[in-house]
Each structure stands twice: as structure tokens, then as C-alpha cells.
Amino acid sequence: MPKGMVIGVALNQRQSDGVDAAAVDIVAKQFNQISPENLLKFQPVHPSEDRYVFEAQDRFVQFGVDRKMQVIGHTLVWHSQTSAWVFQGKDGAAVDRDTLLARMRDHIHTVVGRYKGRIHGWDVVNEAIDEDGSLRKSPWFNAIGEDYVAKAFEFAREADPGAELYYNDFNLEKPAKRAGVIRLVKDLQARGVRIHGIGNQGHWRLETPGISEIEEALVDLRSTGLKVMYTEVDINLLPQAGRGADPAVANPYASGLPDDKQQALARRYAEIFGVFVKHRDAVSRVTFWGLSDADSWLNRGRMNYPLLWDRQRQPKPAFHAVVEVLKRAR
Ligand code: G3I
């Protein structure tokens, strides 16, 4: 592994609870960083105003601490997986700015504060930019206004001044969206808000985005002077299929992945890691969004093959391809 580049994986609860022993074994041997796939999102951790839930969350953090892995927190402020009460005001009205800021502060202080010194870095704000580069009109934006992102970073810094703080988003290979993210980050920097890195999720497909678009995005993002992280990497092999699509078209690999696709996936991963390694001075971390194909959110009722281990938890050609690229870079 190139010096300084951390390689991680998102864990589901069966893994961080230690129930899925086969997965735990692979994670412990092959990775030095973990992210929680769902556990530390707002809804699971803070389901009602006066109730925080920390049991499984504590086990997740301890999983990493025990194994001396870098533990990442995902995510504090997002429009999705946030409990409905957060955005409700009195008597059915929409929440006002001050109330929502107070709720945000309490949430961030409680969650970040609890894991102070143990969680290395936080995705403070997730997916705040729309495809056209403007700030997404999320419930956070609607109630607080455009400074909600800066506020979230300020609260996180107060709660753990030693933690790294990241902005995380997807589709950053699209120039308009990337420009919006870079504007946001520069605005935070101009306000003196502390931010350490940009997370590019890296939910990609076999053919798109092109490798030159991936590299161009990386070069652009690193020009902010911040660390660049690939925080949720996977390669979707299935067609975009709408409801009611013919199953043979929507789910073409239901009985297995043909060898040519398997090899194409390995080549795609090798190419992508080639870019990461070429820019290793800027890329501080790469995290896969799940361990094996059986664990991936991309299945959703179909059979997808986006990751480095197969459903039997055997390493795929893509695993060996990634290892080769990383070995050569050492
Ligand atoms: O919490 C309930 C649980 O109580 C219930 O037993 C279970 C039954 O289906 O559902 C559980 O919630 C599901 C949750 O995953 C935990 O399994 C949600 O319905 C489901 O929507 C949720 O999906 C997650 C998704 O984020 C939600 O937006 C995926 O696992 C997770 O991989 C995905 O991750 C996101 C990143 O956080 C941000 N970037 C995009 C990425 C992919 O969508």
C-alpha cells in the first residue's frame, strides 16, 4: 500500500457487532480503516429529540479502536436518514432557524463529543450540493439558510478540535457539481472555517465516468489544498432500470457474472487505483462501500457485483488487480 494512503471499508451492523465472523476476519486482515454504512447517521443515533442510541454505535467504534484502525464517522448533517422530528416546529409549523441550529448543535456536540479522540474524521456535511452546483434546497438549507454548512463545521470543531472534518458528495466528475463543491469549500476557507478534506464518494459504473474525468476531478479537487478521499467506492454493473422493466434486462447476471464482465471489472478497478496511486500525495484514503457483493446496497432486489469479494467471500479478480497496483506503488 502506498505510504500514507489508508484503505478502508464500510461495515454493516452484523459486521461491527462481530456476528458475521467471516467478514470480520477479512476486514481485520485487509483494511486499516472503517466507516459505518448506516449506524452513525442522524436517524439511527438520534431517533427522537430526547433520545440518543449508542449501543451498536459504540461497538462499531470499539471494533476499529481494538484493531488500531482509523475510524471514520458518517455522517452528521444530511437531508436523508434524518428523523422527521428534526425539521418539525411547534403546532405543525416548519422549524425555525434558531431551533434547528440548536438541534444541530446538540446532535453534533453529543455524537462527536462521545467519540472524541477515537473517531479520526467526520463527514460533517453530506451531499449539500445539487447537480447544477447550487446549494441543495434541503430542509437544513430551507430553515437555516446558506450558512448551515459553516455552522455544522463550527459545531464539529468545538466538539472535537482534534478530529478531521470533511465535506462529502457524489458525482464530482460532473463539472458543474464539482465547481459548486469547490465554491462551497473555498467559501468555508474564506470564512476561516476549519475543513480538512473533500470526500468524493466514488459510486461509479463500469464505463462511466471515464478515467480521464476521474483524474480531472481529482486534480481540480486537490487544487483546494485539501486532502481528497474516495469515501464510498463501488462499481455498479447493472443497467439503470425503471420499475416494471423486463427482469432479463434489469437483472442480467441473476445466475452469475460472465467472465468477460469479471475481467472488465478488474481492469476498471486497476485503472482507477492507477489514478489514485499516481496522485498519492493528495489521496489520503480510499474506502469501499461494503465488503462483499452480498453486502452491497447496490443489489436492491437484483444481483450486483460491485466490490472486491464475491458472495462466498472469495476475493475476485478485481481484488487481485487492486493489490497488484498498490504493491507496485510501494
Ligand atoms: O433501519 C431500518 C431497519 O430498522 C430495518 O430493519 C431495515 C429493513 O429493511 O431497514 C432499515 O433501514 C435501511 C438502512 O439502509 C439499514 O439497512 C433503509 O431502509 C435503507 O434505505 C438504508 O439504505 C442505506 C442508504 O444509504 C440510505 O440512504 C444503505 O444501506 C447505505 O449503503 C446508503 O449509503 C449512502 C451513503 O450513506 C451516502 N452516499 C450514498 C450511499 C448510497 O446510497
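Not measured: the values here are computed from a predicted model.

Participant: How should I be thinking about the site of the ligand in this particular structure?
Facilitator: Taken together, 14 residues are adjacent to the ligand, and Glu37, Asn38, Lys41, His74 and Glu232 come closest. Separating an oxygen atom of the ligand from a side-chain N or O atom of Glu37 is a distance of 2.5 Å. Protein contact buries 46% of the 800 Å² of open area that the ligand shows by itself. Class assignment for the residues of the shell around the ligand results in three nonpolar, seven polar and four charged.

Participant: Would you mind showing me how to read the pairing of strand β1 (residues 6–11) here?
Facilitator: Side-chain positions along a regular strand alternate between the two faces of the sheet. For β1, the tally of buried residues reaches six of six residues, placing the bulk of the element in the interior. Side chains of β1 alternate between two faces, with Val6, Gly8 and Ala10 and Ile7, Val9 and Leu11 buried alike. Examined bridge by bridge, β1 and strand β2 (residues 33–36) share four bridges and lie parallel to one another. Within β2, the residue paired with Leu11 across the bridge is Pro36.

Participant: In this structure, what is going on with the layout of surface pockets? I would like to understand it.
Facilitator: Within this model, the largest pocket holds a volume of roughly 680 Å³. Of the residues belonging to the lining of the largest pocket, the class tally is eleven nonpolar, ten polar and eight charged.

Participant: Help me understand the environment of Leu257 in this model?
Facilitator: In this structure, Leu257 sits in the loop between α10 (247–250) and α11 (259–278). A sequence separation of 47 residues divides Leu257 from Asn304, and the C-alpha atoms of the two residues are 8.7 Å apart. The residues contacting Leu257, other than those within four sequence positions of it, are Leu237, Gln262 and Tyr305.

Participant: Explain the pattern of salt bridges here, please?
Facilitator: Pairing between side chains of opposite charge can happen when the charged atoms of each approach one another. For the structure shown, the criterion picks out 18 salt bridges. Between Glu158 and Arg105 there is a salt bridge whose closest N-O contact spans 3.6 Å. Linking Glu158 in helix α7 (residues 148–159) with Arg105 in helix α5 (residues 97–114), this pair joins segments that are 53 residues apart in sequence. Here Glu158 falls in the partly exposed class, since its relative accessible area comes to 43%. When the shortest N-O distance is used, the salt bridge between Glu164 and Lys227 registers 2.6 Å.

Participant: What's the story with the nonpolar core in this structure? I'm lost.
Facilitator: Generally speaking, a soluble globular protein has its nonpolar side chains buried in company with each other. Among the nonpolar cores identified, the biggest contains 103 residues, and Trp122, Val125, Trp140, Tyr148, Phe153, Tyr269 and Phe273 are the most heavily contacted of them. The element that contributes the greatest number of residues to this core is α11, accounting for nine residues. Every residue in contact with Trp140, bar those within four places of it in the chain, is listed here: Phe42, Val77, Trp78, His79, Thr82, Val86, Phe87, Leu100, Met104, Gly145 and Tyr148.

Participant: Help me out: how do you make sense of the packing of α11 against helix α12 (residues 317–329) in this one?
Facilitator: Axes are the key here: two packed helices are described by the angle between their axes and the distance separating the axes. Axis separation between α11 and α12 bottoms out at 8 Å; the angle between their running directions is 25 degrees. Put simply, α11 runs roughly parallel to α12. Our pair here, α11 against α12, has a crossing hand that is right-handed. Across the interface between the two elements, Gln262, Gln263, Leu265, Ala266, Tyr269, Ala270, Phe273, Gly274 and Val277 from α11 touch Pro317, Ala318, Ala321, Val322, Val325, Leu326 and Ala329 from α12. Taken together, the residues that form the contact of α11 with α12 break down as 13 nonpolar, three polar and no charged.

Participant: Just checking my understanding: could you explain the packing of aromatic side chains for this structure?
Facilitator: Applying the stated criterion across every chain, the model contains 15 aromatic pairs. Ring plane angle 70 degrees and centroid distance 6.3 Å describe the contact between Phe31 and Phe288, whose orientation is recorded as edge-to-face. Taken together, the positions of Phe31 in the loop between α2 (21–30) and β2 and Phe288 in strand β9 (residues 283–288) put the pair 257 residues apart, joining distant regions of the chain. Summarising the burial analysis for this pair, Phe31 and Phe288 share the class buried. Each ring, one from Tyr269 and one from Phe288, has its centre 5.9 Å from the other, and the planes form 50 degrees; the classification is tilted. Of this pair, Tyr269 sits in helix α11 while Phe288 is found in strand β9, placing the two residues 19 residues apart along the sequence. Considered together, Tyr269 and Phe288 belong to a single accessibility category, that of buried residues.

Participant: Would you mind showing me how to read α12 here?
Facilitator: Turn by turn, an α-helix covers 3.6 residues, leaving residues three or four places apart pointing in a common direction. Compared with the 18 Å implied by 1.5 Å per residue over 13 residues, the 19 Å span of α12 between its first and last C-alpha is a close match. Buried residues of α12: Ala318, Phe319, Ala321, Val322, Val325, Leu326 and Ala329, and no others. Each buried residue of α12 lies within a common arc of 165 degrees when the element is viewed along its axis, so the set occupies one face. Residues of α12 that are buried make contact with β1, α2 and α11.

Participant: Would you mind going over empty space enclosed by the protein with me for this structure?
Facilitator: The method is simple in principle: a probe with the dimensions of a water molecule rolls over the atoms, and the space it marks as empty is what remains. Applying the stated criterion across every chain, the model contains one cavity of 30 Å³ or more. Approximately 30 Å³ is the volume attributed to the largest cavity. Partitioned by chemical class, the residues of the lining of the largest cavity number five nonpolar, three polar and two charged.

Reading the values: the criteria
Residues numbered from 1 in each chain as written. Predicted model: local features only at pLDDT ≥ 70, side-chain atom pairs only at ≥ 80, totals over all residues. Heavy atoms only, no water. Near = heavy atom within 4 Å. Polar contact = N/O pair within 3.5 Å; in protein donor to acceptor, adjacent residues only side chain to side chain. Areas by Shrake-Rupley, 256 points an atom, 1.4 Å probe, with all protein chains shown as cover. Nonpolar A, V, L, I, M, F, W, Y, C, P; charged D, E, K, R; others polar. Buried < 20%, exposed > 50% of the residue type's maximum accessible area, 1.4 Å probe, protein only. Helix = DSSP H or I, 4+ residues; strand = E, 2+ residues; numbered from the N terminus. Pairing = 2+ DSSP bridges. 1 Å grid on protein atoms, 1.4 Å probe; cavity = no way out; pocket = protein on both sides within 12 Å on 5 of 7 lines; lining within 4 Å. Points joined across faces, edges and corners; volume = space filled by probe spheres on them. Contact = heavy atoms within 4.5 Å. Salt bridge = Lys/Arg side-chain N within 4 Å of Asp/Glu carboxyl O. Core = buried A, V, L, I, M, F, W, Y, C linked by side-chain atoms within 4.5 Å. Axes fitted to C-alpha atoms, helices over the stretch in contact; angles between N-to-C directions. Parallel < 35°, antiparallel > 145°, perpendicular 65-115°, else oblique. Left-handed = near helix turned anticlockwise from the far one by under 90°. Phe/Tyr/Trp six-rings, centres within 6.5 Å; stacked < 30°, edge-to-face > 60°. Expected span 1.5 Å × (residues − 1). Arc of directions from axis to C-beta.

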